[in-house]
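The primary structure of each chain is shown beneath.
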Amino acid sequence: QVQSDSAAVNTDTVLPKATIVFLDGFIHDFGVYGERLPKSYDFIFRNVGDVPFVINHVEPSCGCLHVGYPKHAVPSGAVDTIRVTYDGNGFRSGFFTKRCDVYSNADSVFWLRVQGTYSKTLEEQWLKENKQ
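Because the structure is predicted, anything quoted here is derived from the model rather than measured. (Residues numbered from 1 in each chain as written. Predicted model: local features only at pLDDT ≥ 70, side-chain atom pairs only at ≥ 80, totals over all residues. Heavy atoms only, no water.)

A. Structural detail: the environment of R46. Mapped onto the secondary structure, R46 falls in strand β3 (residues 40-47). In sequence terms R46 and T19 are 27 residues apart; their C-alpha atoms lie 8.6 Å from each other. Apart from residues lying up to four places away in sequence, R46 is in contact with T19, I20, V21, G77, A78 and V79. Reaching out from R46, the side chain makes a polar contact with the backbone oxygen of G77 at a distance of 3.1 Å. (Helix = DSSP H or I, 4+ residues; strand = E, 2+ residues; numbered from the N terminus. Contact = heavy atoms within 4.5 Å. Polar contact = N/O pair within 3.5 Å; in protein donor to acceptor, adjacent residues only side chain to side chain.)

Below you can see the structure in the form of structure tokens.
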């Protein structure tokens, strides 16, 4: 065993972690929709911790998702949103589920999920009503 005279570095020191809660959960179901209908959802959260909440980056599960999130630190007690938009135009019909991994200064990576079912019948109805 080798010992050193240099000062020991305390590796147990951990920066405080942010704590947030989502007001309506981590999953949103768009239900049954026509393909060209807008499919965006705002996940509303509150910072219930003692330190500002900072999102470092978000990784969508595929290119069909766009995620808008605060680029600033969300102060303790504040409410903000993460908007997830699904653009499945041109993809196959039926059920889908997509996920976004959110990397932040919270205790761990968390994910947000959107899901729904594309209906060709609703798509045809929407096209007829909008004359496209």
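B. Seen up close, the sheet that holds β3. The four strands are arranged β1-β3-β6-β5 in an open sheet whose pairing can be described as antiparallel. Where the open sheet ends on each side, the last strands, each with one partner, are β1 (20-22) and β5 (65-68). Geometrically, the sheet is characterised by an average inter-axis angle of 25° between neighbouring strands, direction not taken into account. Relative to strand β6 (residues 79-86), β3 is paired through seven bridges, and the arrangement is antiparallel. Bridging across to β6, Y41 finds its partner in V84. (Pairing = 2+ DSSP bridges. Axes fitted to C-alpha atoms, helices over the stretch in contact; angles between N-to-C directions.)

C. Examining the packing of aromatic side chains more closely. Per the stated rule, a full pass over the model turns up 11 aromatic pairs. Seen from their ring centres, F26 and W111 are 6.5 Å apart, and the 45° between their planes marks the pair as tilted. Placement of the pair is F26 in the loop between β1 and β2 (27-33) and W111 in strand β8 (residues 110-118), with a sequence separation of 85 residues. On the accessibility criterion, W111 (35% relative accessible area) is partly exposed. On the basis of an interplanar angle of 85° and a centroid distance of 4.8 Å, the ring pair of Y41 and F43 is categorised as edge-to-face. With a relative accessible area of 17%, Y41 lands in the buried category. Taken together through their ring pairs, the aromatic side chains of F22, F26, Y41, F43, F45, F53, F110 and W111 make up a single cluster. Its end group placed over the ring of Y69, K71 keeps NZ or CZ at 3.6 Å from the ring centre. (Phe/Tyr/Trp six-rings, centres within 6.5 Å; stacked < 30°, edge-to-face > 60°. Buried < 20%, exposed > 50% of the residue type's maximum accessible area, 1.4 Å probe, protein only. Lys NZ or Arg CZ within 6 Å of the ring centre and 35° of its normal.)

D. Local environment of the sheet that holds β2. Taken in spatial order, the four strands make up an open sheet running β2-β8-β7-β4, and their pairing is mixed. Single-partner strands in this sheet number two, and they are β2 and β4 (55-60). Neighbour-to-neighbour, the strand axes of this sheet turn through a mean angle of 15°, independent of strand direction. In this sheet, β8 lies alongside β2 in parallel orientation, the contact comprising five bridges. The residue of β8 that forms the bridge with D29 is Q115.

E. Focus on the environment of V21. Residue placement: V21 occurs in strand β1. In this structure V21 comes out as partly exposed when scored by relative accessible area, which is 37%. With 58 residues separating them in the primary sequence, V21 and V79 have C-alpha atoms 9.6 Å apart. For V21, the residues in contact, after removing those within four places along its chain, are I44, F45, R46 and V48.

It is worth stressing that arrangement in space is one thing and function is another; only the former is reported here.
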